[in-house]
Every structure is written in C-alpha cells, then in structure tokens.
Amino acid sequence: MVIAATPLRVLAQEFPRAGKPVRILVGFAPGGPTDIQARALANEMAKVLEVPVIVENKPGASGGIGAVEVARSEPDGHTLMYISDGVVTQNPHTLKSTPYNALKDFTPVARLTTGGVVLVSAPSLPVKTLKEFIAYGKSHPGQLAYASFGAGTVSHIYGEVLRMNTGIDMVHVPYKGSSDALKDLLAGRVHVMFDAPSTAVQYAKDGRLRILGTAGAVRRGLIPDVPTLLEQGLPGFETRGWNGLLGPAKMSAGVLQKLYEAVDTAAHTQAFRNLLAQMAFDPVDNELPLVFAERVRSDYEMWGSYVRKTKISLD
C-alpha cells in the first residue's frame, strides 16, 4: 500500500488477537527521547487494547534496522515502530542504500509529538543574538566550527543550511551523540550547534549556553521569549521534528482504525501528556492517519530538497 492511507472505515477484523503482544520497535538505543516516549505510549496502549504492548530496541543504521523489520512484518497491527521523523524523511536522502522505501513500505498510524531543535552558541563566542553571530562569523571566515550529533542527522543538515543561508565559512565537526557534542560546545572547542530545547534551556539558565533562535514556524512554549530563526529573517528552518507510530504497508482499514483509536486514547492520558511536558515536546492532537501520511510525504520532499542543496551523502 502506498503511504497515502486507506480511508478509515470499520471492517470486521480480529485485532488485537487475544494474548498476542503488540511489538513497538524503536530503532535507537534505550534511554533516548524516542525510546522514552515509546515506552510511555506502550504502557497506556496496553490498558486500552488489553494485551501486552512491548517496546523492543533495534539500534543501528540510523533507525534503519528496526524500519526494515517492520516493513517485512505482517500488517496485522501487532508489529509497529515508533520513530523520529528522520528515519523516513531524511535517511532516504542521505543514505542512498536505505533498504526500505519510505513512501511505500509503511502505513502511518499517528503522529504523536513535535519537538524540533534550537540554535545554541558557546558562551566563549562574543555574541548574544543571531544577528551578532552572523556578523561575527562573516568577519572570522574559517574560524568557526559547528557540532552535530551525527553525520546526516537534523543537526548536520540544519548546520549546512545555516552555513549556506548565512554565507558563514564554518567547519562541520560530527559526534556520536548529542552529549559528546554538548561537552565540547560547553568547553568552547566548537562554537554552535542545533540541539534539543530541553537540554539547551538547562544550560542557558546559568549562562553556559546562549539560545540564538528556534527552528519551526512558531515559537516554542518552553521558551516563548526566544524568536524563531524565521522571525529573525533566516529562511530554511520552517519545520519542526516529530515522533510518530508506523506499521507495515497493506494494513487493513479495520486494523488501522482500531490502532488509531487506541493510540489516540493513550496519547490523551495525563501520564503521557506530563511526560511530554517534562521532555519539552508538544502533543499532536486529532491528526488522522491520512493527514499524517501527507505530512510524511511533504517532509520527505522538503528534506530531500535540503539534502540535494547541501550535497550531504553518507555513502
């Protein structure tokens, strides 16, 4: 089934099967934001579906190992994956050998949260605003370095967009994760990076980092006084990242309907909402699978455009 989902209508369908667990695969190691959200969602879904809902971590290939397993699974609703958007919107463009088709191999079920990144600078850099940073960068060509939490990640892609759209000559320094990149940013060994707002806010409170702007079309509720990059006249950062639940292609309308209803109920529980607030993620409400499918397609095309412009390739 192509990623545009079948219109929802209730069909006679035995889902969930009594006693058969629902598996939610996460393509990253335990403890990260995607994993934490998946486990909280699974806990609430189990109460609704009245069967075990188990989260299994399948790290590797930027989320690709878990994605391939789901793509090859039976579309009975019992094997799903909880992903960050890059698995289906960015990886297919940066990893030319991705062993799955993002637009044909999955059925979008629900987009649950939006996050997004913020641009932060080291306190050693003598700037307090985006305008000052751009001016400083242009007057110090080749002297600045931006960190990313991995080649091909949103922090890398946005770093290249920043370099291109400001005209600043910067060097990319990739790390194996956000925590390693953050350590060097705090130490002043690199100068700027795109990072999660929850982390950035903690360090900005005591002056160890400065937040120069946020990605997305609107300001973040966590930091309402920080303008978006778009507001400050810098294009190319209009979208925010998201997390969502997908299943294999060819999932029937009946299974999709029941899954969506269970997920929607679970996502509206106070426990899940409280977790998102603690993690500085915003909930996505009442977005039907068909709308989510269109979101996947539009974001896939947008990130493809960015990757082609920046010429990022990990192969």
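Scroll up a little and you will see the structure.
To start, this report covers the structure provided alongside it. Just so it is clear, the model here is predicted, and its values are computed rather than measured.

Rules used in this analysis
Residues numbered from 1 in each chain as written. Predicted model: local features only at pLDDT ≥ 70, side-chain atom pairs only at ≥ 80, totals over all residues. Heavy atoms only, no water. Pairing = 2+ DSSP bridges. Helix = DSSP H or I, 4+ residues; strand = E, 2+ residues; numbered from the N terminus. Phe/Tyr/Trp six-rings, centres within 6.5 Å; stacked < 30°, edge-to-face > 60°. Buried < 20%, exposed > 50% of the residue type's maximum accessible area, 1.4 Å probe, protein only. Axes fitted to C-alpha atoms, helices over the stretch in contact; angles between N-to-C directions. Contact = heavy atoms within 4.5 Å.

1. Overview of the sheet that holds strand 1 (residues 22-26)
Pairing is mixed in the open sheet, where 6 strands are placed in the order 2-1-3-10-4-11. Strands with a single pairing partner mark the edges of an open sheet, and in this sheet they are strand 2 (53-57) and strand 11 (282-283). Inspection of the sheet shows strand 4 (residues 106-114) paired to strand 10 (residues 242-248) by 7 bridges, in the antiparallel sense. In the strand pairing of strand 10, Arg111 is matched with Gly244.

2. Thoughts on the packing of aromatic side chains
Considering all chains together, one arrives at 8 aromatic pairs under this definition. A centroid spacing of 5.2 Å and a plane angle of 45 degrees characterise the contact between Tyr158 and Trp303, whose relative ring orientation is tilted. Of this pair, Tyr158 sits in helix 6 (residues 154-166) while Trp303 sits in helix 11 (residues 289-310), placing them 145 residues apart in sequence. The pair formed by Tyr158 and Trp303 is uniform in burial state, with each residue classed as buried. Centroid distance Trp242 to Phe292: 5.3 Å. Interplanar angle 85 degrees. Geometry classified as edge-to-face.

3. Details of the sheet that holds strand 7 (residues 170-174)
In space, the 5 strands of this open sheet follow the order 7-6-8-5-9, with mixed pairing throughout. On the outer flanks of this sheet lie strand 7 and strand 9 (210-214), each paired with one strand and no other. When the angles between neighbouring strand axes are averaged without regard to direction, this sheet yields 25 degrees. Across 4 bridges, strand 5 (residues 118-121) lies against strand 9 in antiparallel orientation. When the sheet's bridge partners are listed, Val120 is paired in strand 9 with Ile211. In the packing of helix 5 (residues 130-139) onto the sheet, the strands contacted are strand 5, strand 6 (144-148), strand 7, strand 8 (192-195) and strand 9, and the crossing angle to strand 6 comes to about 125 degrees.

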